[in-house]
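# A closer look at the structure
Listed below, chain by chain, are the residues.
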Amino acid sequence: LLDDVFEITGITATVGIGTNLYLCKIALDIMAKHTSDNIALLTEKSYQRYLWHHTPLTNFWHIGHGISNHLERLGIHDMYDLAHYNQDILYKEFGINAEYMIDHAWGREPTTIEDIKAYQSSTNSISNSQVLFEDYEYDDAMLVLKEMVELNVLKFIDQHLVTDHISLYVGYSKNVIRGTGGQRKITTRTKSLKRLMKEFIDLFKEKTHKFYPIRQIGISFCDVLDEYYESYDLFSNIDELEKEKRLQESIIKIK
């Protein structure tokens, strides 16, 4: 497989193999690129032998600079320190997140592929996020947002879904400012492009900083249900909504 990837794309791929999902990820991220065949394998024992004293901690999955700095203040400099630290203090400092931090310090991961496939969210949503190729100005980012909303509404039409709850995230250029965004409840449960586009544009205008370069946009349609639950208010023009729906269905057929 590695040879095929290189032959077809010219890109050198790497492989991480482990006795659980976390060790696969760590073998891939930290070790595979340093082996002669670009393949690395980890067990809990070899993880403890080779990586307990590996630094920096930010090389490990799920440990960002914020968590790393927090651990440093506690005197924890590597995974060995974390594995042998007082667990009561860790739970006090990190809450429920301490559980997976402790497991990962020992190279353990109870979640399996079967668990992931069997997972069912208590609420349904459709989300889409884009990291832009370069920094975008406010108006250009607005155009990207409109394209994202339109594509997702086409999915709604195709899958016969409706929503009454949307959310937006806007990320800015590196180290400029923290991301912004918010959520909005809609008075009707709808799949109307016109209505959903207006709600997203209003939310974008309300929550986005105009004068900072934008690098990421994420949108979500929350509380998604079958179109059987579509609803209207006193100001809804049913004929106009049906005309819009037929237009969107035609676009899907053309595509």
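Our structure's up above, just so we're on the same page.
Described below are features of the structure shown in this document. (Residues numbered from 1 in each chain as written. Predicted model: local features only at pLDDT ≥ 70, side-chain atom pairs only at ≥ 80, totals over all residues. Heavy atoms only, no water.)

### A look at the nonpolar core
Residues F204, I217, I219 and F221 are the most contacted members of the largest nonpolar core, which totals 30 residues. Looking at this core, the elements with two or more residues in it are β3 (125-136), α9 (138-159), β4 (161-172), α10 (193-207) and β6 (214-222). In terms of residue count, α9 provides more of this core than any other element does, 10 residues in total. The residues contacting I217, other than those within four sequence positions of it, are N128, S129, Q130, A141, V144, L145, M148, L168 and Y169. Core analysis: the second largest hydrophobic core is formed by 25 residues, L23, L42, I63 and L82 among them. (Core = buried A, V, L, I, M, F, W, Y, C linked by side-chain atoms within 4.5 Å. Buried < 20%, exposed > 50% of the residue type's maximum accessible area, 1.4 Å probe, protein only. Helix = DSSP H or I, 4+ residues; strand = E, 2+ residues; numbered from the N terminus. Contact = heavy atoms within 4.5 Å.)

### A closer look at the side chain of H165
For H165, the position within the fold is in strand β4. Residue classification places H165 among the buried residues on the basis of a relative accessible area of 16%. At a separation of 2.7 Å, a polar atom in the side chain of H165 contacts the side chain of Q183. Among the polar contacts made by the side chain of H165, one reaches the side chain of D223 at a distance of 3.2 Å. (Polar contact = N/O pair within 3.5 Å; in protein donor to acceptor, adjacent residues only side chain to side chain.)

### What to know about the packing of aromatic side chains
Inspection of every chain in the model, using the stated rule, returns eight aromatic pairs. On the numbers, 5.1 Å between centres and 40° between planes, the contact of Y138 with F204 is tilted. Residue Y138 is found in helix α9, and its partner F204 is found in helix α10; the two are separated by 66 residues along the sequence. Under the relative-accessibility criterion, Y138 is labelled buried at 9%. Arranged with centres 5.3 Å apart and planes meeting at 65°, the rings of F200 and F221 form a pair that is edge-to-face. Taken together, the residues span a long stretch of sequence, with F200 in helix α10 and F221 in strand β6 at a distance of 21 residues. (Phe/Tyr/Trp six-rings, centres within 6.5 Å; stacked < 30°, edge-to-face > 60°.)

Interpretation note: all reported values are geometric properties and have no functional meaning in isolation.
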